[in-house]
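Spelled out from the first residue to the last, the chains are:
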Amino acid sequence: MTTKRAATMKDVAREAGVALGTVSKVINGIPVSEPNRIKVEKAIEALHYEVNTYARGLKTQRSNLVALIIPNTHNPFFASFADHIGAALYKRGLKLLLCCADGIPEKEIDHLNMAMNNKVDGVIALTYSDIGKYITNNLPIVVFDRFFENQVIPRVASDNFAGGCLAIEKLLEFGCKHPVYIRFHSVFPGESDKRRDGYLHACAKYGLEPNYLDMVDCDEKIDHMKRFLDRHKNPDGTLRFDGVFAHTDYHGYLFMSLLQREGYRVPEDVQIIGFDGICKFGNIEEELFVSSICQPLEPLAEKCVEILLAQETQTVPSLTLLPVTYRYGGTTKES
């Protein structure tokens, strides 16, 4: 019994009727004429030719791997972001090395070192730790949202300031008179801090008295929300606020659940707008958990990959912001 020989590049060139160099260019993403590219791709498919990516990596000093560091995949926002990053890389012939750090600085540093030791072509980081001093100058990297005081690293983020303003404008448009803001935030600075700035700006613009629960992230979110709620109850049980801008959809969902347990109706008594645009079951066509200021996840992922790959050949912007949009999710009164 004989084993069928695997097709080689020479076989592909012979099948396509082109030079061996043309096949090599197509495989390595170097432009050739459109007719020749089509011939080579058809020959590859017909012969079931498989590119030896390991050998090609040794030759070109590239691994075609990009590491993505995220806190976890439990949070639907992080999971969706990872999915879009993987798709954006795949379109460019690259593969994803996923690293979940659980927000633990030591794990993020370990993942960063592992990525460098495995000679990845770059790193995209969605991090809530101060890892700036561990990043070497020769490692292409893009960070989502965060910035580091000791490093100038290209950042990609949504326009959080405009999103904070938009949330208050929408609550006012839907009839709210006294919107409050609820935030549990990281100790490390990031672009998402500007959501609070947007809230304060909108309050000043529309003559509102700022009123907010603003704390470092902790495990006792519900307890703090309950105390905030109790402080804002009138003697007759009604509330002194009628709208909530929540720093994330998760915070908005937690506060909505608390309100309902306390006997308040959402959105009849209190309207809620979150931030992120997290869909149920992770499907963009599904309903949101709460009405939300939605981040454009797919374009954000595309921009992260685009800027990461551009660093080798050109100067890239230090900060790229993409616009956000409002989307109804059942917790606001639409007119």
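For clarity, every value in this text was computed on a predicted model and none was experimentally measured.

**Comments concerning the environment of C294**
Then comes step 1: Mapped onto the elements of the fold, C294 is located in strand 10 (residues 292-294).
Then comes step 2: Its relative accessible area of 11% is what places C294 among the buried residues.
Then comes step 3: Apart from the residues lying within four places of it in its own chain, the contact partners of C294 are D276, G277, L288, V324, T325 and R327.

**A few points about the pattern of salt bridges**
Then comes step 1: With the rule as written, the count across this model stands at 22 salt bridges.
Then comes step 2: Two residues, K194 and E191, come together in a salt bridge whose shortest N-O distance is 3.0 Å.
Then comes step 3: What makes K194 partly exposed here is its relative accessible area of 30%.
Then comes step 4: Residue K233 pairs with D230 through a salt bridge whose shortest N-O separation is 3.4 Å.
Then comes step 5: Note on K233: relative accessible area 26%, which makes it partly exposed.
Then comes step 6: For D230, a relative accessible area of 34% translates into the label partly exposed.

**Things to note about the sheet that holds strand 10**
Then comes step 1: The strand order 7-6-8-9-10-12 describes an open sheet built from 6 strands, whose pairing is mixed. Each edge of the open sheet carries a strand with a single partner, namely strand 7 (212-216) and strand 12 (325-327). Strand after strand, the sheet turns through a mean of 20° between neighbouring axes, direction not considered.
Then comes step 2: With 3 bridges connecting them, strand 10 and strand 12 associate as antiparallel partners. Of the residues in strand 12, the one forming a bridge with C294 is T325.
Then comes step 3: Along the sheet, helix 10 (residues 249-261) contacts strand 6 (179-185), strand 8 (243-246), strand 9 (271-276) and strand 10; its crossing angle with strand 9, the most-contacted strand, is approximately 155°.

**Remarks on the packing of helix 1 (residues 9-16) against helix 2 (residues 20-27)**
Helices that pack against each other are described as a pair by the angle of their axes relative to one another and the distance between those axes.
Then comes step 1: Remark: helix 1 packs on helix 2, axes separated minimally by 8 Å, with the N-to-C direction vectors making an angle of 110°. Viewed along their axes, helix 1 and helix 2 adopt a mutual orientation that is roughly perpendicular. Contacts between helix 1 and helix 2 involve M9, K10, V12 and A13 from the first element and L20, V23, S24 and I27 from the second.
Then comes step 2: Residues belonging to the contact of helix 1 with helix 2 are distributed by class as follows: 6 nonpolar, 1 polar and 1 charged.

**What to know about helix 9 (residues 221-231)**
For the α-helix, the turn length of 3.6 residues means that residues three or four positions removed from each other point alike.
Then comes step 1: Considered for burial, the residues of helix 9 that qualify are K221, H224, M225, F228 and L229. All buried residues of helix 9 project into a common sector of 140° when viewed along the axis, lining one side.
Then comes step 2: Elements in contact with the buried residues of helix 9: strand 6, strand 7 and helix 10.

**Here's the deal with the side chain of T127**
Then comes step 1: Secondary-structure assignment places T127 in the loop between strand 3 (122-125) and strand 4 (141-144).
Then comes step 2: Residue T127 is classed as buried on the basis of its relative accessible area, which comes to 0%.
Then comes step 3: Reaching out from T127, the side chain makes a polar contact with the side chain of E108 at a distance of 2.3 Å.

**Notes on the packing of helix 2 against helix 3 (residues 34-47)**
Then comes step 1: Orientation of helix 2 relative to helix 3, taken along the N-to-C sense of each, is 85°, at an axis distance of 10 Å. Considered as vectors, helix 2 and helix 3 are oriented roughly perpendicular to each other. Residues T22, V23, V26 and I27 of helix 2 form the contact with helix 3, whose own contacting residues are N36, R37, V40, E41 and I44.
Then comes step 2: Across the contact of helix 2 with helix 3, the residue classes tally to 5 nonpolar, 2 polar and 2 charged.

**Thoughts on the packing of aromatic side chains**
Where two aromatic rings form a pair, the distance of their centres and the angle of their planes describe that pair.
Then comes step 1: Counted according to the given criterion, the structure contains 10 aromatic pairs.
Then comes step 2: Their ring planes at 90° and their centres at 6.4 Å tell us that Y199 and Y212 sit as a pair that is edge-to-face. With Y199 in helix 8 (residues 194-206) and Y212 in strand 7, the pair connects residues that are 13 residues apart, well separated along the chain.
Then comes step 3: Centroid distance F228 to F241: 6.0 Å. Interplanar angle 35°. Geometry classified as tilted. Placement of F228 in helix 9 and of F241 in the loop between helix 9 and strand 8 is noted, with a sequence separation of 13 residues between them.
Then comes step 4: For F241, a relative accessible area of 3% puts it in the buried group.
Then comes step 5: Positioned above the aromatic ring of F275 is the side chain of R195, whose terminal nitrogen or guanidinium carbon lies 3.8 Å from the ring centre.

**Focus: helix 10**
Then comes step 1: With 13 residues, helix 10 extends 18 Å between its outermost C-alpha atoms, agreeing within 8% with the 18 Å of an ideal straight helix rising 1.5 Å per residue.
Then comes step 2: D249, H251, G252, L254, F255, M256, S257, L258 and L259 are the residues of helix 10 that are buried.
Then comes step 3: Of the surrounding elements, those touching the buried residues of helix 10 are strand 6, helix 9, strand 8, strand 9 and strand 10.
Then comes step 4: Once helix 10 finishes, G263 follows within two positions and takes phi at roughly 95°, a positive value.

**Some thoughts on the sheet that holds strand 5 (residues 155-158)**
The strands making up a sheet associate through backbone hydrogen bonding, with each pair oriented either parallel or antiparallel.
Then comes step 1: The 6 strands lie next to each other as 2-1-3-4-5-11, forming an open sheet whose pairing is parallel. Bordering the open sheet on either side are strand 2 (95-100) and strand 11 (319-322), each of which pairs with just one other strand. Going from strand to strand, the sheet's axes swing by 20° on average, the running direction of each strand aside.
Then comes step 2: In terms of strand pairing, strand 1 (residues 65-70) meets strand 2 through 6 bridges, oriented parallel. For I70, the partnering residue across the bridge sits in strand 2 and is C100.
Then comes step 3: In the packing of helix 6 (residues 105-117) onto the sheet, contacts are made with strand 1, strand 2 and strand 3, and the angle to strand 2 comes to roughly 155°.

What counts as what
Residues numbered from 1 in each chain as written. Predicted model: local features only at pLDDT ≥ 70, side-chain atom pairs only at ≥ 80, totals over all residues. Heavy atoms only, no water. Helix = DSSP H or I, 4+ residues; strand = E, 2+ residues; numbered from the N terminus. Buried < 20%, exposed > 50% of the residue type's maximum accessible area, 1.4 Å probe, protein only. Contact = heavy atoms within 4.5 Å. Salt bridge = Lys/Arg side-chain N within 4 Å of Asp/Glu carboxyl O. Pairing = 2+ DSSP bridges. Axes fitted to C-alpha atoms, helices over the stretch in contact; angles between N-to-C directions. Parallel < 35°, antiparallel > 145°, perpendicular 65-115°, else oblique. Nonpolar A, V, L, I, M, F, W, Y, C, P; charged D, E, K, R; others polar. Arc of directions from axis to C-beta. Polar contact = N/O pair within 3.5 Å; in protein donor to acceptor, adjacent residues only side chain to side chain. Phe/Tyr/Trp six-rings, centres within 6.5 Å; stacked < 30°, edge-to-face > 60°. Lys NZ or Arg CZ within 6 Å of the ring centre and 35° of its normal. Expected span 1.5 Å × (residues − 1).

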